[in-house]
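Read off the chains here:
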Amino acid sequence: MPDDRNADESTEPGGHRRIDRVLADGYLDGLAGLPLTEVRELRDEAEHEEADLSYLRRLLQGRVDIIKAELSRRRGELGESGSIIDQLPRILSDERSPARGLGRHTVIEPSRVDEHRRLVERLVGDSDLSALSGRTADQLEATLQRFGDHERQISEQRHAVQGVLDACAHEITRRYREGEADVSALLPSES
């Protein structure tokens, strides 16, 4: 883990944030014995956290793509002239970029957009990426390393949250498959 991590990025045992709850050791304890509504609440909480982590990860990956493009531009690998700003539409629409993939299909919007944006802005501000041309290649490489460390940490958390989400989804599916839950309860009632 990066040495300069902060409370926004790491989990804290016994913490009060959603990620702390979802990744707490006892979060799934007694899952099979919980009422279906509570299992769904656990699943929904994990799903919201996964959406937030995915959003944060994509923000970081977009910044990594920009730095990599600037380094490639400096090495003459892009075959283009002009500033990195002129190339942003191409960089950010590159289908091969990890920032494009959403991973799992989700219809949930991230709930902490402003918080995540502030974190990425703080990272960017610490790296002074507002003026890429004024940074040396070594400084940009160091920034890539730091952003990569943050992105890996977020990916690990996201993977752990997905495990929680999967456990809840499997329990819900099991209940319907084994007849412990009634599918007709999901249908609108006719009044």
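Residues numbered from 1 in each chain as written. Predicted model: local features only at pLDDT ≥ 70, side-chain atom pairs only at ≥ 80, totals over all residues. Heavy atoms only, no water.

### Considering the nonpolar core
Note the following rule: In plain words, nonpolar cores are sets of buried Ala, Val, Leu, Ile, Met, Phe, Trp, Tyr and Cys residues tied together by side-chain atoms within 4.5 Å. The buried label applies to any residue whose accessible area, calculated with a 1.4 Å probe on protein chains only, is under 20% of its type's maximum; exposed applies above 50%, and partly exposed to all values in between. Helix and strand assignments come from DSSP, with helices taken as H or I runs of at least 4 residues and strands as E runs of at least 2, each series counted from the N terminus. The contact criterion used throughout is that any non-hydrogen atoms of two residues lie within 4.5 Å.
Counting 29 residues, the largest nonpolar core has Val22, Ala46 and Ile67 as the members making the most contacts within it. Secondary structure elements with two or more residues in this core: α1 (18-22), α2 (36-74) and α5 (137-177). When residues of this core are assigned to their parent elements, the largest contribution, 12 residues, is made by α2. Beyond its immediate stretch of four places on either side in the chain, Ala46 contacts Val22, Tyr27, Val161, Val164 and Leu165.

### Re α5
Condition: Given a helix with a known number of residues, its expected span is that number minus one, times 1.5 Å.
Taking 1.5 Å as the rise per residue, α5 with 41 residues should run 60 Å; its terminal C-alpha atoms sit 57 Å apart, in good agreement. Two residues or fewer past α5, Gly179 is found with a positive phi of approximately 80 degrees.

### Quick look at the environment of Gly148
Mapped onto the secondary structure, Gly148 falls in helix α5. Once the C-alpha coordinates of Gly148 and Leu60 are considered, the two residues, 88 residues apart in sequence, prove to be 8.3 Å apart.

### Quick look at the confidence of the model for the protein
Threshold: Per-residue confidence from the predictor is reported as pLDDT, a score between 0 and 100.
Confidence in the prediction for the protein averages 77 pLDDT; 65% of positions are at 70 or higher. Taking the mean pLDDT of every element in the protein, the minimum, 58, falls on helix α4 (residues 113-127) and the maximum, 93, on α5.

### Points about the packing of α2 against α5
Quick note on the threshold: Interaxial angles span 0 to 180 degrees and are taken between N-to-C directions of axes, which are lines fitted to C-alpha atoms, for helices over the stretch in contact. We call two directions roughly parallel when the angle between them is under 35 degrees, roughly antiparallel when it is over 145, roughly perpendicular when it lies between 65 and 115, and oblique otherwise. Two helices that cross are described as forming a left-handed crossing if the nearer one is turned anticlockwise from the farther one by less than a right angle, and a right-handed crossing if clockwise. Note on residue categories: nonpolar means Ala, Val, Leu, Ile, Met, Phe, Trp, Tyr, Cys or Pro, charged means Asp, Glu, Lys or Arg, and polar means any other residue, Gly included.
Put simply, α2 and α5 touch, their axes get as near as 8 Å, and they point 155 degrees apart. Classified by the interaxial angle, the pair formed by α2 and α5 is roughly antiparallel. For the pair α2 and α5, the crossing hand works out as left-handed. A breakdown of the residues in the contact of α2 with α5 according to their chemical character gives 21 nonpolar, seven polar and 15 charged.

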